[in-house]
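Below are the chains, spelled out letter by letter.
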Amino acid sequence: MSTDYQYVPEPALVKGDHSFGSITDLIAKTPLSPTPKLWYLAFGLANILLITLLGAIGYLIWDGIGIWGLNNPAGWGWAIINFVWWVGIGHAGTLISAILFLFRQGWRTAINRFAEAMTIFAVMCAGIFPAIHVGRIWVIYWVFPIPNQMAAWPNFSSPLLWDVFAVSTYFTVSLLFWYVGLIPDFATLRDKTKSKVAKITYGIASLGWTGSFRNWWNYEKAYMILAGLATPLVLSVHTIVSFDFAVSVIPGWHSTIFPPYFVAGAIYSGFAMVLTLMLIARKIYGLEDIMNIDIMEKMNLVMMITGNLVAFAYLMEGFIAWYSGYIYEQGIFWLYVVGPYAWGFWILMFCNVVTPQFLWFKKIRRNVAITFVISIIVNIGMWFERFMISVASLSTDFMPSAWDYYSPTFWDIITYIGTFGLFFTFFLLFLRFMPMVAIAEVKGVMPQADPHNYDEETNEFDIEKTKPVVVQQEQTV
Amino acid sequence: MSKPKITDTLDFPSDLNITKSLFGVGTVGLLATGVGYFLDHDQFFFSYLVSFSFFSSIALGSLFFVMVQHLTRSEWSAVLRRIPETFSSYFWIWGLFIIPLLFGMHSLYHWTHADAVAADPVLQGKEPYLNTTFFIIRQVIYFALWSFLGYRLYSKSVEMDETGDWGLQTLLRRTSGPGLFFFAITLAFASFDWIMSLDPHWYSTIFGVYYFAMSFQGLFAVLILVIFFLWNNNLLTNTIQKSHIYDLGVQMFGFTVFYAYIAFSQFLLIYYANIPEETVWYLERLSGGYEYLAWFYLFGRFVIPFVILLPKGPKSKPKVVGSVAVLILVSHLVELYWLVMPVLNHHGFHLNWMTITSFIGLGGIFLGLFFYKFKQNKMVPINDPKLGDSLNKH
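Residues numbered from 1 in each chain as written. Chains lettered and ligands numbered in written order. Predicted model: local features only at pLDDT ≥ 70, side-chain atom pairs only at ≥ 80, totals over all residues. Heavy atoms only, no water.

Colleague: Explain the overall build of chain B here, please?
Modeller: Within chain B one finds 17 helices and 0 strands. Its C-alpha atoms give chain B a radius of gyration of 21 Å, near enough to 21 Å, the size a compact globule of 394 residues would have. When its C-alpha atoms are laid out on the principal axes, chain B stretches across 75 × 40 × 40 Å. The buried share of chain B, taken over its 394 residues, is 61%. The long-range fraction of contacts in chain B, counting pairs at least 24 apart against all pairs at least 6 apart in sequence, stands at 82%. Accessible surface, chain B as shown: approximately 14,500 Å² in total, 68% of it carbon and sulfur. Between the mean site of the 24 positive side-chain charges and the mean site of the 24 negative ones, chain B shows a separation of 14 Å. (Helix = DSSP H or I, 4+ residues; strand = E, 2+ residues; numbered from the N terminus. Rg over C-alpha atoms; globule rule 2.2 N^0.38 Å. Buried < 20%, exposed > 50% of the residue type's maximum accessible area, 1.4 Å probe, protein only. Contact = heavy atoms within 4.5 Å. Areas by Shrake-Rupley, 256 points an atom, 1.4 Å probe, with all protein chains shown as cover. Lys, Arg positive; Asp, Glu negative; His and termini not counted. Charge placed at Lys NZ, Arg CZ, Asp CG, Glu CD.)

Take a look at the structure:
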């Protein structure tokens, strides 16, 4: 039986015949060469969407949240859905950069910089919604516990306030983490650039990095500590987002599995977004050697696992809703399936339960085109998940006489689309001016970085030594 | 650089006759508990359930650990993988030990009382799931699946010892992927059946994850203690090294936090929403003396391990890691007791000797089976392609 199976040794993380020098050149090429025309085009489009967002927000402040589709039972609509969706997307970046770092997963280096940038911009997009959805945005500073004459404090026992702390802390630590990782790479760009302005800018950003042992020692320590801090933070953020719903007594919201289930869903959607962006970027910037098919396959595996965790949570929720014997809980789940939002439910089931099952097949996991499609389906699915939780649970609540159907307005839609403008404006700036792969870290996982791969006598790199060694069994009793 | 070598003996020494003594202890413990059956049969079944769910959780944690190691192609764990492989290899025997519980369903589970169900519309609603026949069928399904997975992962790994066929790695991985999927579902429902349905009105969607988190944390403690036992007998001292203990310590720390996260999520959400049907479950468990147990395991399996294992140093000190492991396992037992026993003694906490004897009894059998299996084959998967890297860990 076993002869049917072939042993596949762990493949090299970086493809192609690369040396340290060629890796630096490959990645530093983009920020150091002139701006391509296509970039201007993309940046212009992103700017138009960004202006749309600003316009939508301006009108919202002028006219109030009545411009949105909220109605009496459904007091939370697209604003909350989009907030949760964007925050969720951000989670993949921290998972890749911090949690996989703690698990010593070398393959993270291909995508960590990229994913961290995505995290930061996604959290920025997310942060807009809770701020603007309060209506009176000019007193949004009340969410902070600032001493004031009215002796009015925010409600410390509300998860909505915990969100303020969790998301802002998460954003700060993610930014620091990202920046610390960038320092050695900024120094590389500083040393390679020919432009005076760039030299000074990258020079300031690299904080006087010299690449000395002392620099690296401090860097490694700081990186480790930030990774350790970011890990509980990333879990806490989506946990608290889930508390926004789950601490209440609303059927469909009050479910104890929400915290881990939200975290799994967040990572699921975040990996999908990283894949969407990565598959485009690797093509345009010629990074196929680094962001290669093996990396994509591993990301697909993470997506498959988190997707199935989400499906597991649906199963638990559905089963317990029935098992609870509580008519409102049973009712809301029945209404998900056959009620006014059944179309949303079936989209959700298709995107989040059926789609990840395709990833059981290796051929599909290694197919760029299919992965790209799946990554987009997953993101749609995760948006609908939040839609079902927020809107479908609220609009058909305890009393059928109070039910009302929620539909978004024009302003809901363009505000959401506008956040893509914000996201891509920053993301394109990142792609243009920053090293999009962690140069120093990728080198660390190449065979050349292993001192054992050098010949003891000539001290020259020996590719033969990188090949796996078959263990010889010598037993002495 | 020298190639890694195994310098230890890999066969469990035949003169170390631990199996017999463990089976002896187990039999005595079970016989003593059996006497208890005639004194107070309700107490007998509840005590037995606590012990049974304790040792099952170790076997289930092992099964999960092995599957995850295969799926992630873990290198570090290859030297110690035979230990969890063995723990999960004898589910088909261990499954027989659930039979006493099936005879005790009437004592354990309120929903088996026909008159109670007739008077209670909530229980009537649950009848399609909570009924004796289906309960028994489910237990058969769970143990059949776990036996299949555990045995297959064990026997194929052993086969690789003999044949050196590395293609088996792929086979093991292909078993583990779908295996994990079905494992998650069966584990969740098993936890509903064994423990959650003791209070048939109460429900919590996270309960399966909660039992899993407890089990997996406990597993690391068991692995560490088994390795120390081997070391004390001068076995595998150069094969399983301090760096492996460090890694196990890291994972034990990680899953200590994971456990706390899950347990706290369940508690906070129920506490905060304050729905009487749900909070009553905690109310019973946080009064009448049970609150001391809750405080004990809060500190024993979260606060103290967290504080001790957070810095880097202690995780590679065998004495520290070993003491924390013992504390975690004691807390694991206390927590299971705390989950199960308030259903029987809802007027207040009082410790019954049968809990101790059933624990010793089932523990003797469980560990006896472990060593019985463990000495049949090499203690390390000698032909595993990852073994070299695992030995080379620093």
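Colleague: Is there a simple way to think about empty space enclosed by the protein in this case?
Modeller: Empty space among the atoms can be located by rolling a probe the size of a water molecule over them. All names here are of chain B. Using the criterion set out here, one finds 4 cavities of 30 Å³ or more in the structure. The space that makes up the largest cavity amounts to roughly 50 Å³. Lining the largest cavity we find Gln-69, His-70, Arg-73, Ser-74, Ser-77, Ala-78, Arg-81, Gln-169, Asp-384 and Lys-386. For the lining of the largest cavity, the residue count by class is 1 nonpolar, 5 polar and 4 charged. (1 Å grid on protein atoms, 1.4 Å probe; cavity = no way out; pocket = protein on both sides within 12 Å on 5 of 7 lines; lining within 4 Å. Points joined across faces, edges and corners; volume = space filled by probe spheres on them. Nonpolar A, V, L, I, M, F, W, Y, C, P; charged D, E, K, R; others polar.)

Colleague: Mind showing me how you'd approach the packing of aromatic side chains here?
Modeller: Ring pairs (aromatic) are described by centroid distance and by the angle formed between their planes. This model, assessed by the stated rule, comprises 122 aromatic pairs over all chains. Pairing Trp-78 of chain A with Tyr-416 of chain A gives two aromatic rings, centres 5.9 Å apart and planes at 90°, and the pair type is edge-to-face. Of the two residues, Trp-78 of chain A is situated in helix α3 (residues 78-102) and Tyr-416 of chain A in helix α14 (residues 410-433); the sequence distance between them amounts to 338 residues. The pair formed by Trp-78 of chain A and Tyr-416 of chain A is uniform in burial state, with each residue classed as buried. On the basis of an interplanar angle of 85° and a centroid distance of 6.1 Å, the ring pair of Tyr-323 of chain A and Tyr-129 of chain B is categorised as edge-to-face. Placement of the pair is Tyr-323 of chain A in helix α9 (residues 293-324) and Tyr-129 of chain B in the loop between α8 (121-126) and α9 (132-163), with the two residues belonging to separate chains. (Phe/Tyr/Trp six-rings, centres within 6.5 Å; stacked < 30°, edge-to-face > 60°.)

Colleague: Would you mind going over the domain arrangement of chain B with me for this structure?
Modeller: Often, the extent of an interface is quoted as the loss of accessible area on bringing the components together. Residue and element names in this part refer to chain B. Looking at chain B, the domain boundaries give domain 1 (39-201) and domain 2 (227-351). Centre-to-centre separation of domain 1 and domain 2, based on C-alpha positions: 20 Å. The interface is formed by 17 residues belonging to domain 1 together with 22 residues belonging to domain 2. Carbon and sulfur atoms make up 78% of the surface buried where domain 1 meets domain 2, a total of about 1,800 Å² over both sides. Of all residues in domain 1, the largest losses of buried area upon contact with domain 2 belong to Val-50, Phe-54 and Trp-76, amounting jointly to 31% of the total for that side. Remark: the boundary between domain 1 and domain 2 carries 1 salt bridge. Its salt-bridge partner being Arg-285, residue Asp-199 comes within 3.0 Å of it at the nearest N-O pair. At the surface where domain 1 touches domain 2, the tally comes to 3 residue pairs in polar contact (both at pLDDT 80 or more). (Domains from an automatic or database assignment. Buried area = accessible area lost by both parts, 1.4 Å probe. Salt bridge = Lys/Arg side-chain N within 4 Å of Asp/Glu carboxyl O. Polar contact = N/O pair within 3.5 Å; in protein donor to acceptor, adjacent residues only side chain to side chain.)

Colleague: How do you make sense of the layout of surface pockets when you look at a structure like this?
Modeller: Residues and elements named next belong to chain A. In this structure, the second largest pocket spans a volume of roughly 790 Å³. Pro-130, Ile-140, Val-143, Leu-160 and Val-164 are, among the 29 residues lining the second largest pocket, the residues nearest its centre. Secondary structure elements with two or more residues in the lining of the second largest pocket: α3, α4 (112-132), α5 (159-192) and α7 (213-246). If you tally residues by element for the lining of the second largest pocket, the top one is α5, at 7 residues. Considered class by class, the residues forming the lining of the second largest pocket number 21 nonpolar, 5 polar and 3 charged.

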